[in-house]
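Architecture at a glance
Here is how the chains run, residue by residue.
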Amino acid sequence: MLSLRLTSLTHLFSPPSSTAIARRSPAILRRRNHHLRPRPLAASFSSQSAAAETQDRVDNSKNRVSDRVITPRSQDFNAWYLDVIANAELADYGPVRGTMVIRPYGYAIWEAIQEFLNVKFKETGHSNMYFPQFIPYSFIEKEASHVEGFSPELALVTIGGGKELEEKLVVRPTSETIVNHMFTQWIHSYRDLPLLINQWANVTRWEMRTKPFVRTLEFLWQEGHTAHATPEEAEKEAIQMIDIYTRFAYEQAAIPVITGRKSKVETFAGACKTYTIEAMMGDKKALQAGTSHNLGQNFARAFGTQFTDESGVREYVWQTSWAISTRFVGGIIMTHGDDAGLMLPPKIAPIQVVIVPIWKKDDEKAAVLNAASSVKDVLLTSGIKVKLDDSDQRTPGWKFNFWEMKGVPLRIEIGPRDVASGSVVISRRDIPGKQGKVFGISMEPSNLEAYVKNKLDQIQSSLLARAIAFRDSNIIDVSTYDDLKAAISQGKWARGPWSASDEDELKVKEETGATIRCFPFEQPQGIKRCLMTGNPAEEVAIFAKSY
């Protein structure tokens, strides 16, 4: 049952707040047990009056369930997030604490991410392959900072086949070590470089505080690994890949990330430099949405990964690694979703258009379904991802709410009057109510195709513009530590000059809960003074609380 599942999901991934416990009283739970989804809506599409039918389809607020199943974002953002995941059927909890089962609709979003990135990886010369998920513990120990950074999160296998293993195995937390072990066997000469590979895989990190998609014990990702002959090539590669992630975030996910370099404190364990894309979520926390690491020669020296250069001299390779994971799905939810549920950018939506046929009398059904099927065929032929919801177990009003909750960008409604006039009604997910609904759109194939494609483009652009405006209005430029503390206390991001020590950075984290998210690539001109020390500073940094 929905409410029981939601409660379990809340307890599974994060401790419930006292307000959440009070809100989800036993009486409420018993009442909600009857609703797997919002219960069938008593929408009445009267054929007695065209005006009455029009009004029903403009304002279907009366069709909404009286017992809200999605917590308002403003009331409890975490509960809202969990409710959306459950109601939109994105994921469910696994039997092991902190794990999740990604349901088909949630996985389809991940597939859309894969499809875009896979093309970009191959265009830039990378090949997909696969490495084992079991890694000898001795591999992890070879790179000192790597084992120190990952030790608290490691899952270890000590028994196999009923016997204690001679050497314990690590369940893959990341693959730099096993990749280097293999690179050492494959790389001998400068002719073997650059070596550019990627794998799509699962990883395990024993997180203590978990949140579905954002932080789980096991998650899916891609991890690229490359080896180069020069430090310049490695740096160029690391920048190239973070640029690809940035392009994906803006163009596909409509998430306006800030791209930059991590501080030394926040740099990946074993890397020389870490580049990141940082996204502002709906609660104004930062989400590290993707990273690219210049590993220098750290792992090459630990594993002896060398090549003979053109002069016949043995040199260590220069390496990179880079990754984006299913946490990006969580980022999409928290960036665009609203109180009605999920809101998906068209370019990554598993369903871009849903068609809801409407009939009241049996003799209307065949004509309406035939018209709906024709519209579906027109859109499919034009490359649009479309779903015809022709089930007769639910009312049209229920379907409206359900597909809104699933975040489908456009809804097409077809009733008897639309069939007679050769037109359809189209509603935008991003503009609720009457403002987002347009009547009388011609069913003529070329007109309909052009109209729908144009609206999908508008929605994509609108979601990005809305997210940019939200981000920019919640970043405060600061020049002193007091300014920084004030900004963070207001839930904002703080941007200010920084050249202070690692100790000062840790002090900021301890006193405010905020960390340096990055030193943005885009930097303001002019003389700057560190907000903490008053000394000259070459860069501004962005501070924020994060997931």
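These notes cover the structure that comes with them. Within any chain, residue numbers begin from 1 and follow the written order of that chain's sequence. With the structure being a predicted model, the display of local features is reserved for residues of pLDDT at least 70 and the display and counting of side-chain atom pairs for 80 or more, all residues being used for whole-chain, interface and lining totals. To obtain the side-chain values, all non-hydrogen atoms of the structure were included, while hydrogens and water were left out.

Regarding the overall build of the chain
In terms of helices and strands, the chain carries 18 helices and 23 strands. Relative accessibility decides the category of a residue: with a 1.4 Å probe and only protein chains considered, values under 20% of the type maximum give buried, values over 50% give exposed, and everything between is partly exposed. For the chain, buried positions account for 55% of its 547 residues. Areas reported as accessible are Shrake-Rupley estimates using a 1.4 Å probe. Residue values count occlusion only from the protein chains shown. Put simply, the chain shows about 23500 Å² of open surface, and 51% of that area lies on carbon and sulfur atoms. Strands here mean DSSP runs of E at least two residues long; helices mean DSSP runs of H or I at least four residues long; both are numbered from the N terminus.

Some points on a nonpolar patch on the surface
Taken together, the side chains of Val-96, Trp-206 and Met-208 make up a nonpolar region of the molecular surface, amounting to roughly 330 Å² of accessible area. Mapped onto the elements, Val-96 comes out in the loop between strand E1 (91-93) and strand E2 (100-102). A relative accessible area of 44% places Val-96 in the partly exposed class. Like charges are joined within 9 Å and nonpolar side chains (Val, Leu, Ile, Met, Phe, Trp, Tyr) within 5 Å, but only among residues with over 30% relative accessible area and no salt bridge; these make up the patches. We count a salt bridge whenever a side-chain nitrogen from Lys or Arg sits within 4 Å of a carboxyl oxygen from Asp or Glu.

Observations regarding the sheet that holds strand E6 (residues 163-171)
Being paired, for any two strands, means DSSP has found at least two bridges between them. Taken together, three strands build an open sheet; the order of strands is E4-E6-E5 and the sheet is antiparallel. The sheet is open, and its two borders are formed by strand E4 (134-136) and strand E5 (156-160), each paired with just one other strand. In this sheet, adjacent strand axes meet at a mean angle of 50° when their direction is disregarded. When E5 meets E6, the two strands line up antiparallel, connected through four bridges. By the bridge assignment for E6, Val-157 is matched with Leu-169. Here the axes come from fitting lines to C-alpha atoms, over the contacting stretch only for helices, and the angles between their N-to-C directions go from 0 to 180 degrees.

Concerning the pattern of salt bridges
If you walk through the whole model with that rule in mind, you get 19 salt bridges. Among the ionic pairs, Glu-278 bridges to Arg-517, the shortest N-O distance being 3.0 Å. Of this pair, Glu-278 sits in strand E10 (residues 273-280) while Arg-517 is found in strand E22 (residues 515-520), placing the two residues 239 residues apart along the sequence. In this pair, the class of Glu-278 matches that of Arg-517, namely buried. The salt bridge involving Lys-399 is made with Asp-389; its shortest N-O contact spans 3.7 Å. Placement of the pair is Lys-399 in helix H14 (residues 396-405) and Asp-389 in the loop between strand E16 (386-388) and H14, with a sequence separation of 10 residues. Judged on exposure class, the residue Lys-399 and its partner Asp-389 are both buried. Members of the salt-bridge network, linked through shared partners, are Glu-404, Arg-411, Glu-413 and Lys-437.

With respect to the sheet that holds strand E8 (residues 218-228)
One open sheet accounts for 11 strands, arranged E3-E7-E8-E14-E11-E10-E9-E22-E23-E21-E20; its pairing is mixed. Each of the sheet's edge strands pairs with one partner strand only, and the pair in question is strand E3 (127-128) and strand E20 (475-477). Pairing of strand E11 (residues 286-296) with strand E14 (residues 318-325), which is carried by five bridges, proceeds in the antiparallel orientation. Directly across from Gly-296, in E14, lies its bridge partner Gln-319. In what follows, a contact means two residues having at least one pair of non-hydrogen atoms within 4.5 Å. Along the sheet, helix H10 (residues 231-251) contacts strand E7 (195-204), E8, strand E9 (258-261), E10, E11 and E14; its crossing angle with E14, the most-contacted strand, is approximately 10°. Across the sheet, helix H12 (residues 327-336) lies against E10, E11 and E14, angled at about 145° from E11, the strand it touches most.

Section: the pairing of E22
Counting buried residues along E22, six of its six residues qualify, which places the element largely inside the surrounding structure. Bridging between E9 and E22 involves two bridges; their strand directions are antiparallel. Paired with Arg-261 across the bridge in E22 is Phe-519.

A few points about the environment of Leu-388
In this structure, Leu-388 sits in strand E16. Of the residues examined, Leu-388 reaches a relative accessible area of 13% and is grouped as buried. Taking C-alpha positions, Leu-388 is 9.2 Å from Val-375, a pair spaced 13 residues apart along the chain. In this structure Leu-388 touches Ile-355, Pro-357, Ala-372, Ser-373 and Lys-376, once residues within four positions along its chain are discounted.

Structural notes on the side chain of Arg-428
For Arg-428, the location among the structural elements is in strand E18 (residues 423-428). Residue classification places Arg-428 among the buried residues on the basis of a relative accessible area of 15%. Setting aside residues up to four positions removed in sequence, Arg-428 forms contacts with Pro-409, Leu-410, Gly-436, Lys-455, Gln-458, Ile-459 and Ser-462.

Concerning the side chain of Asn-294
With respect to the helices and strands, the residue Asn-294 is situated in strand E11. The exposure class assigned to Asn-294 is buried, which follows from its relative accessible area of 8%. Setting aside residues no more than four positions away along its own chain, Asn-294 makes contact with Ala-234, Glu-235, Ala-238, Ala-271, Cys-272, Lys-273 and Gln-319.

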